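Overview (structure and organization)
Now for the letters of each chain:
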Amino acid sequence: MASIFAHGFTAYALGKSFSKELYTKKLWILGILCSVLPDADVIGFKFGIAYEDFWGHRGFSHSLLFALLLGILITLIFYRKKAFTKTGVALVLYFFICTASHGILDAMTTGGLGIAFFSPFNDLRYFLPWRPIQVSPIGASKFFSIWGIKVLLSELIWVAIPASIYILAVNYVKKRKNQPQKND
Ligand SMILES: [Zn+2]
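All of these numbers come straight from a predicted model, not from anything done at the bench. (Residues numbered from 1 in each chain as written. Predicted model: local features only at pLDDT ≥ 70, side-chain atom pairs only at ≥ 80, totals over all residues. Heavy atoms only, no water.)

**Here we look at the overall build of the protein chain**
The helix and strand tally for the protein chain stands at seven helices and zero strands. Here the protein chain has a C-alpha radius of gyration of 18 Å; the compact-globule value for 184 residues is 16 Å, and the two agree. Its C-alpha atoms give the protein chain principal-axis dimensions of about 65 × 40 × 30 Å. Burial statistics for the protein chain: of 184 residues in total, 42% are counted as buried. Taking contacts inside the protein chain between residues at least 6 apart in sequence as the whole, the part at least 24 apart equals 63%. When the accessible surface of the protein chain is totalled, it reaches about 10,900 Å², and 71% of it is carbon and sulfur. (Helix = DSSP H or I, 4+ residues; strand = E, 2+ residues; numbered from the N terminus. Rg over C-alpha atoms; globule rule 2.2 N^0.38 Å. Buried < 20%, exposed > 50% of the residue type's maximum accessible area, 1.4 Å probe, protein only. Contact = heavy atoms within 4.5 Å. Areas by Shrake-Rupley, 256 points an atom, 1.4 Å probe, with all protein chains shown as cover.)

**Points about the layout of surface pockets**
In this structure, the largest pocket spans a volume of roughly 300 Å³. Tallied by class, residues from the lining of the largest pocket come to two nonpolar, four polar and six charged. (1 Å grid on protein atoms, 1.4 Å probe; cavity = no way out; pocket = protein on both sides within 12 Å on 5 of 7 lines; lining within 4 Å. Points joined across faces, edges and corners; volume = space filled by probe spheres on them. Nonpolar A, V, L, I, M, F, W, Y, C, P; charged D, E, K, R; others polar.)

**Focus on helix H7 (residues 146-178)**
Taking 1.5 Å of rise per residue, 33 residues should cover 48 Å, and H7 covers 46 Å from first to last C-alpha, within 8% of that figure. Bending of H7 peaks at approximately 45° at the position of Leu156. Of all the positions in H7, only Gly148, Val151, Ser154, Glu155, Val159, Ala160, Ala163, Ile167 and Val170 are classed as buried. (Expected span 1.5 Å × (residues − 1). Bend = angle between axes of the 7 residues up to and from the residue.)

**Focus on the coordination of the zinc ion**
Ligation of the zinc ion by protein atoms is provided by Asp39 (OD), His62 (NE2), His102 (NE2) and Asp106 (OD), these donors lying 2.0 to 2.2 Å from the ion. Viewed at the metal, the four donor atoms of the zinc ion are separated by angles of 90 to 168°, and the geometry they form is irregular. In the primary sequence, the donor residues of the zinc ion line up as D-x22-H-x39-H-x3-D. Highlighted residues: His102 and Asp106, both in helix H5 (residues 86-106), separated by four residues, approximately one helical turn. Both residues of the pair, His102 and Asp106, count as buried. (Donors = N, O, S within 2.8 Å, 3.2 Å for Na, K, Ca; no water. Tetrahedral: all angles 85-135°; square planar, octahedral: opposite > 155°, others 65-115°.)

Okay, here's the thing in structure tokens:
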């Protein structure tokens, strides 16, 4: 995993793409939830599921299909009235991207096994060719260490700064759109 902060902040930044009416606390909290949920798979370690298994860490829960199913499920549960409208499609897409962004960030980390993006059709594990993010330790205790600091620093550079630039850019475009047109 990248750390919970990197995943959550990515979802928060992506949520900024929505209009003011849709960009509610509920939206970004659900987005953050989607972005960290794939790592619930670490529970499997306690039950003897191996890292490389289907249900293992970075397995099915990190796949694109899982992201799509979760996107549909979250929209159906939390936005039932809007689910079958254009907004519903945008919401599914948003929650899909939040969830899928998790696997993509993980695929840019320096350690662990790769991501089963195409599970269950193909259980191969993939990394992106470019992996600048220091892998985060599994478990909180190890996080408060030099390793943890290294993780946060690399995420600051490769996740937080680009995501902040994205937020600023979206805000800028929105502001320009909302400005009344001058007739000259
Ligand atoms: Zn992960």
